[in-house]
Amino acid sequence: MPLLSEWRNWSGHQSALPCRLEQPGDPESLHEAVAEARRLRVVGAGHSFTPLVPTDGTLINLDCMAGVHEVDVRARTAWVGGGSRLRDLSPAFHEQGLAFNNLGDIDAQSLAGAVATATHGTGRNLPCLAADITGVRLLTAAGEDLTITQEEDSDRLRAAQVSLGALGVIHGLRVALRPSFRLHRRTWAEPLGSIIADAAARWERHRNFEFFYIPFSGWGMCIAHDETAAAPTERAPSTDDEDLMKAKRLRDLTRWCTPLRRAILSRVVRGVTPEDVVGDSWRLLASERNVRFNEMEYHLPPENALDALREVIEVVERERRDVFFPIEVRQTAGDDAWLSPFNGGRRISIAMHTHAPDEDEWLFRRVEPIFRRAGGRPHWGKLHSLGAPELAELYPNFERFLTLRRELDPNNKLVNAHTARLWGEPHHD
Ligand SMILES: Cc1cc2nc3c(=O)[nH]c(=O)nc-3n(C[C@H](O)[C@H](O)[C@H](O)COP(=O)(O)OP(=O)(O)OC[C@H]3O[C@@H](n4cnc5c(N)ncnc54)[C@H](O)[C@@H]3O)c2cc1C
């Protein structure tokens, strides 16, 4: 489908005018599109906040190469097409009695896009989605079709698991699954002090635990999921969007008086109806996000993370009375993908959502240094300012990845302005 039209990401902050948009429906058309492109990037669902996707060359989207191709119920694995969306895969796996081990906040992403940036959920013993990828089918910029599996080339697989579209177009993925399961979901409000004091124990106790701090309230909302054999219960429609807008209105009304805002907001948070429901894992883990935002998220060594959180909250509440989006705190198990932010051990992730136009610049200036001092690695799909020199210090296998990248894409066909900075390559538009 060659055409000239503007592309925008989910938040609307990244845009591009690619010279061609290609949506191949089969491997032959994909080969042709890659061969004809002078420069190219791949887009999944366009849910990354960083400019990973923009290109003035060819933009390839694999929505027409989606679906479950092979399922091995005994081995609990499935090969799926490169354009498959998480929200379509979960019900298809469920029909076979299988499920993803974990999911993030939403499931609108493509599996290829989600693993490319090390998308994660929460759970002390649950790694990011990329760790469950045991094979990929990758078409390189030079037109070579590679099947890379855990059994045959575990090194290359560890490079391909989190590869930001830099090694080629991934048109097939093999994912390790588990038997379908139900979760008992509970949410509740609690003062921040007691959440932080007990957070480590809760991450140990619950399969999935996370919390959202509501700025200027002193309170947070906790979410815990635990496996259960109990029957599913009815779930009330989500009020997340209304609650968020309530926090925004309250900010507008009480901006001139922080103590008043804190008093009212803490009462409002305490009044949020707790959830106590049972359902299929994939129905409860992922939610809808309708209010648009931008986001920065850093993954921090657990020993530094909660101190960094306190520091961030202190800076926000001292300097930015306009902030109203909750700050999200999760934990993810370690893995060994070369560019996984969780490579080498578990990390606690702190996510800041921004709404005002000048908030991003403020985040880079005031919050990112706190995350960096605490030893954090940025989420590849969320706002950060790091380039090759800083990344080389954070990732023990960074140089190995760059060597493989140069081998598979010697002419930098897959490099755009943003990834040129990440890989330390020149880029000429
Ligand atoms: C509302 C919202 C909620 C989110 N929640 C979470 C969360 O809970 N946890 C979390 O970790 N992240 C979260 N994210 C971030 C998101 O999961 C990542 O940015 C993810 O990469 C987006 O997937 P996508 O399909 O949109 O990929 P895109 O943003 O389209 O692409 C991401 C990268 O993958 C590459 N890519 C895509 N498809 C292919 C392919 N077939 N072959 C090769 N490369 C490919 C692209 O080139 C790009 O480099 C959230 C984002 C939003 C907007």
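As recorded in an unreviewed UniProt entry, the protein chain goes by the name FAD-binding protein, listed as coming from Vreelandella halophila.

So, on to the UniProt feature "domain: FAD-binding PCMH-type" (unreviewed entry) in the protein chain. This chain's UniProt record puts "domain: FAD-binding PCMH-type" (unreviewed entry) on residues 14-180. A helix fraction of 20% and a strand fraction of 28% characterise residues 14-180, whose end C-alpha atoms lie 37 Å from each other.

Ordered by their spatial adjacency, five strands build an open sheet running 6-7-11-9-10, and the pairing between neighbours is antiparallel. At either margin of the open sheet sits one strand with a lone partner, and together these are strand 6 (68-72) and strand 10 (145-149). Across the sheet, the mean angle separating the axes of adjacent strands is 10° when strand polarity is ignored. Direction of pairing for strand 7 (residues 77-81) relative to strand 11 (residues 169-176): antiparallel, over a ladder of five bridges. If you follow T77 over to strand 11, its bridge partner there is A176. Packing of helix 4 (residues 154-161) onto the sheet brings it into contact with strand 9 (133-139), strand 10 and strand 11, and relative to strand 9 it is tilted by some 80°.

The next subject is helix 5 (residues 192-205). Here helix 5 is 14 residues long and its end C-alpha atoms lie 19 Å apart, about the 20 Å a rise of 1.5 Å per residue gives. Those residues of helix 5 that fall on the buried side of the exposure criterion are L192, I195, I196, A199, R202 and W203. Buried residues in helix 5 make contact with strand 13 (182-191), strand 14 (208-214), strand 15 (219-228), helix 9 (302-319), strand 18 (327-332) and strand 19 (347-354).

A word on the domain arrangement of the protein chain. Segmenting the protein chain into domains produces domain 1 (68-179) and domain 2 (182-378). Measuring from the centre of the C-alpha atoms in domain 1 to the corresponding centre in domain 2 gives 26 Å. Contacts between the two partners involve 30 residues from domain 1, matched on the other side by 33 residues from domain 2. Note on domain 1 versus domain 2: buried area summed over both sides is about 2,700 Å², and carbon and sulfur give 52% of it. Two residues, D105 and R289, come together in a salt bridge whose shortest N-O distance is 3.9 Å.

What counts, and where the lines are drawn
- Residues numbered from 1 in each chain as written.
- Predicted model: local features only at pLDDT ≥ 70, side-chain atom pairs only at ≥ 80, totals over all residues.
- Heavy atoms only, no water.
- UniProt positions renumbered as here; feature names shortened; annotations may be inferred.
- Helix = DSSP H or I, 4+ residues; strand = E, 2+ residues; numbered from the N terminus.
- Pairing = 2+ DSSP bridges.
- Axes fitted to C-alpha atoms, helices over the stretch in contact; angles between N-to-C directions.
- Contact = heavy atoms within 4.5 Å.
- Expected span 1.5 Å × (residues − 1).
- Buried < 20%, exposed > 50% of the residue type's maximum accessible area, 1.4 Å probe, protein only.
- Domains from an automatic or database assignment.
- Buried area = accessible area lost by both parts, 1.4 Å probe.
- Salt bridge = Lys/Arg side-chain N within 4 Å of Asp/Glu carboxyl O.

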